[in-house]
Amino acid sequence: MGDNTLPERGSKGISRRGFIGRTGSVFGAVALAGHLAPAAARAAAAAAPGPIADGVRVPVLVIGTGYGGSVAALRLAQAGVDVQMIEMGMNWDTPGPDGKVFPKVTSPDYRSFWLRTRTKAPLSNFLGFPIDKDVPTYTGILDAEDFAGITVYQGRGVGGGSLVNGGMAVTPKRANFAAVLPSVNADEMYDTYYPRANAGLGVGMVDPAWFDTADCYQFSRVGRKHAQRSGFAWTFVPDVYDWDYMKREAAGTATKSALAGEILYGNNAGKKSLVQTYLARARATGRVTVSPLHKVTTVSPAAGGGYTVAIDQLNTTGDTVATKTVTADRVFFAAGSVGTSKLLVKLKATGALPNLNGEVGKGWGENGNVMCGRANHMWDPTGKLQSTIPCSGIDNWDAGGAFAEVAPLPTGIETYASFYLSITKNPNRAEFTWNAATGKADLSWQTAWKQPSITMAKTIFDKINSKEGTIYRTDLFGGNKIWNDTLTYHPLGGAVLGKATDNYGRLHGYTGLYVIDGALIPGNASVNPFVTITALAERNIEKIIATDLS
């Protein structure tokens, strides 16, 4: 399912002067930081060389193709460096039997889940009936990774989490930033790196006038009414969806995507994932090679300098079909909070990288995620047509420690239900450790640690229910549960900035090893985190290019 194999591109390092000389043009051109059109993105992907060859030496190897890895790859390539990106998931470019690359939320199939025999939807029940079903084992797009106390949802494929999220592109309130990344200069982030990230991601806002009349956002308008009647602040939330495209969907002049129930298992049109933005631009440089269905298993110092990296090549049922060993002058860990943390604790415990410090694996949090639904009165229908792209939220962060996304429930029928994903100030943090007996990393999170999140979310929904005379839904998560308190969409931490790494993501104990993803952020971003991950990566890679490479 990857790219066709082509001869390996020769690559060499580049002088520090060469990096610095190119950096000004790279970072000065913020106006060019928009996204490529889908056709251009596909052309760039088609022109890319094949997967990494056994035995090669490369200047830079990036583990993962999510937000941090994509930023690093683009900026390094623009500075003249050849980059190899290793991606465990597939390159999602081939239509399935329905003619679509990605299936609908309501029709999960073999494409939907990563190496599971049964789906595990975040909303597992409807009207009291289970909705999960058996599926063939396949390297699908959404990984519901189970730990002892929590299931972590992660995107699998070229583009990482950008493939499966709702695209809510939120910059934290400046007043909250010191609690998110205390060692980072807020002026730099808000003056330079957040704007750069928002431009590069193609962030935009729904047209308020269209929102007020669109059938597909009736659910959000009901959420607004209820929030405001209870005295809560309600706000529009930016997103990376192409809002002009969505208007055409609603008008019937474009193929429906957000209005056809596409999001959790990928979006076929409209949403600007990394494949259309940072990755497209990176590949268009001709200096970035992406190897899908490849999994890094170990990283260790090479005798001649740099690092020896062992890689398993997978097939679509998850079997290892080849093993490769390559040498990289520098390695960027960008496998996401969970992937990076699991790999680092393994490398430390097994002696591959014994000099990593004791902070590796620590400071992990779930961004305070908790979900619930409310049963509205018959005079408050939420609409049978619902856009899968959320665009609003209820803000009670300062008073109650919670921000609630007014989320869609795209069932195709009228449910009279309001559905919410809350982000809360949950203070609990877990740790990854290596379990030698099982050969896997364990996570110390306990389900009971979600209670602060529930308490904080209730500051919003108890008041709304009291004001509206409504009740919580108990038919959505199985077992007569009000709260889905066993999941997160927003894993953060495990290699915290300034602890496991220095203040720019350089891992302590080794030269040339970097963390550049959500593992750097200590457990909570106060909002959906991917803009912060992107902005922090922009900040860190600029410093690394200017000072480290020679």
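The rules behind the values
Residues numbered from 1 in each chain as written. Predicted model: local features only at pLDDT ≥ 70, side-chain atom pairs only at ≥ 80, totals over all residues. Heavy atoms only, no water. Helix = DSSP H or I, 4+ residues; strand = E, 2+ residues; numbered from the N terminus. Contact = heavy atoms within 4.5 Å. Phe/Tyr/Trp six-rings, centres within 6.5 Å; stacked < 30°, edge-to-face > 60°. Buried < 20%, exposed > 50% of the residue type's maximum accessible area, 1.4 Å probe, protein only. Lys NZ or Arg CZ within 6 Å of the ring centre and 35° of its normal. Salt bridge = Lys/Arg side-chain N within 4 Å of Asp/Glu carboxyl O. Axes fitted to C-alpha atoms, helices over the stretch in contact; angles between N-to-C directions. Left-handed = near helix turned anticlockwise from the far one by under 90°. Disulfide = S-S within 2.5 Å. Pairing = 2+ DSSP bridges. pLDDT = per-residue confidence, 0-100.

K.L.:
What am I meant to see in the side chain of S273 here?
P.N.:
Counting through the fold element by element, S273 comes out in the loop between α8 (243-251) and α9 (278-284). S273 has contacts with S162 and L163, leaving out every residue within four places of it along the chain.

K.L.:
Help me out: how do you make sense of the packing of aromatic side chains in this one?
P.N.:
We describe a pair of aromatic rings using the distance from one ring centre to the other and the angle between the two ring planes. This model, assessed by the stated rule, comprises 26 aromatic pairs. Where W210 meets Y217, the ring centres are 6.0 Å apart and the plane angle is 80°; that geometry is what we call edge-to-face. Y217 shares its class with W210; the two are buried. Taking the centre distance of 5.8 Å and the plane angle of 35° together, the rings of Y217 and F219 count as tilted. Here the aromatic cluster, defined as three or more aromatic residues joined through ring pairs, consists of W210, F211, Y217, F219, W234, F236, Y241 and W243. Note that K463 overlies the ring of F232, its terminal NZ or CZ placed 5.3 Å from the centroid. Sitting above the plane of the Y504 ring, R539 keeps its charged end 4.0 Å from the centroid.

K.L.:
Help me understand the pattern of salt bridges in this model?
P.N.:
Between side chains of opposite charge, a pair can form as their charged atoms come close. On inspection of all chains with the given rule, the structure shows 25 salt bridges. Residue R57 is joined to D329 by a salt bridge in which the shortest nitrogen-to-oxygen separation is 2.9 Å. With R57 in strand β1 (residues 57-63) and D329 in strand β11 (residues 320-333), this pair connects stretches of sequence that are 272 residues apart. In this structure R57 comes out as partly exposed when scored by relative accessible area, which is 42%. R506 is the partner of D548 in a salt bridge, and the nearest nitrogen-oxygen pair spans 2.8 Å. Taken as a pair, D548 in the segment after α13 (530-547) and R506 in the loop between β20 (487-488) and β21 (513-515) lie far apart in primary sequence, 42 residues in all. One network of salt bridges, with partners in common, ties together D143, E145, R156 and K342.

K.L.:
Sorry if this is basic, but what is going on with the packing of helix α3 (residues 67-78) against α13 here?
P.N.:
When two helices pack together, their arrangement is given by the angle between the helix axes and the distance between those axes. For the pair α3 and α13, interaxial distance at closest approach is 8 Å and the crossing angle is 35°. Judged by the twist between their axes, the crossing of α3 over α13 is right-handed. Residue-level contacts link Y67, G68, V71, A72, R75 and L76 of α3 to F530, I533, T534, A537, E538, I541 and I545 of α13.

K.L.:
Would you take a moment to explain the state of the cysteines for this structure?
P.N.:
The term disulfide refers to a covalent linkage connecting the sulfur atoms of a pair of cysteines. In the structure shown here, the tally under the stated rule is 0 disulfides. There is no disulfide at C372, and the cysteine sulfur nearest it, in C391, is 18 Å away. No disulfide involves C391; its sulfur sits 8.3 Å from that of C216, the nearest cysteine.

K.L.:
How do you make sense of unusual backbone geometry when you look at a structure like this?
P.N.:
The phi torsion of most residues other than glycine is negative, and most of the peptide bonds are trans. The phi torsion at Y416 lies on the positive side, around 55°, for a residue other than glycine. Residue position: Y416 is located in the loop between β14 (402-407) and β15 (417-424). With a phi close to 55°, N480 is a non-glycine residue in the positive phi region. Checked against the element boundaries, N480 lands in the loop between β18 (471-472) and β19 (483-484). Overall, N480 belongs to the exposed group, its relative accessible area being 60%.

K.L.:
Looking at this structure, I do not really get the pairing of β11. What am I missing?
P.N.:
Side-chain positions along a regular strand alternate between the two faces of the sheet. Of the pairings in the sheet, the one linking β1 to β11 comprises 6 bridges and is parallel in character. Within β11, the residue paired with L61 across the bridge is V331. Note: strand β10 (residues 307-314) against β11, 8 bridges, orientation antiparallel. Bridge pairing in β11 places L314 opposite T320. Hairpin geometry of β10 and β11 is characterised by an intervening segment of 5 residues between the two adjacent antiparallel strands and by a positive phi of about 90° at G318. With 3 bridges connecting them, β11 and β21 associate as parallel partners. For F332, the partnering residue across the bridge sits in β21 and is Y514.

K.L.:
Which parts of the structure should I look at to understand the confidence of the model for the chain?
P.N.:
Do not read the fine detail of predicted coordinates wherever pLDDT is low. Per-residue pLDDT for the chain has a mean of 92; in total, 91% of the residues score no lower than 70. At the low end of the mean pLDDT range in the chain sits helix α1 (residues 16-28), at 35; at the high end sits β21, at 99.

K.L.:
What am I meant to see in the environment of T327 here?
P.N.:
For T327, the position within the fold is in strand β11. For T327, a relative accessible area of 18% corresponds to the buried category. Along the sequence, T327 and T308 sit 19 residues apart, while their C-alpha atoms lie 4.6 Å from each other. Beyond its immediate chain neighbours, meaning those up to four positions away, T327 contacts V56, R57, V58, A302, G305 and Y307.

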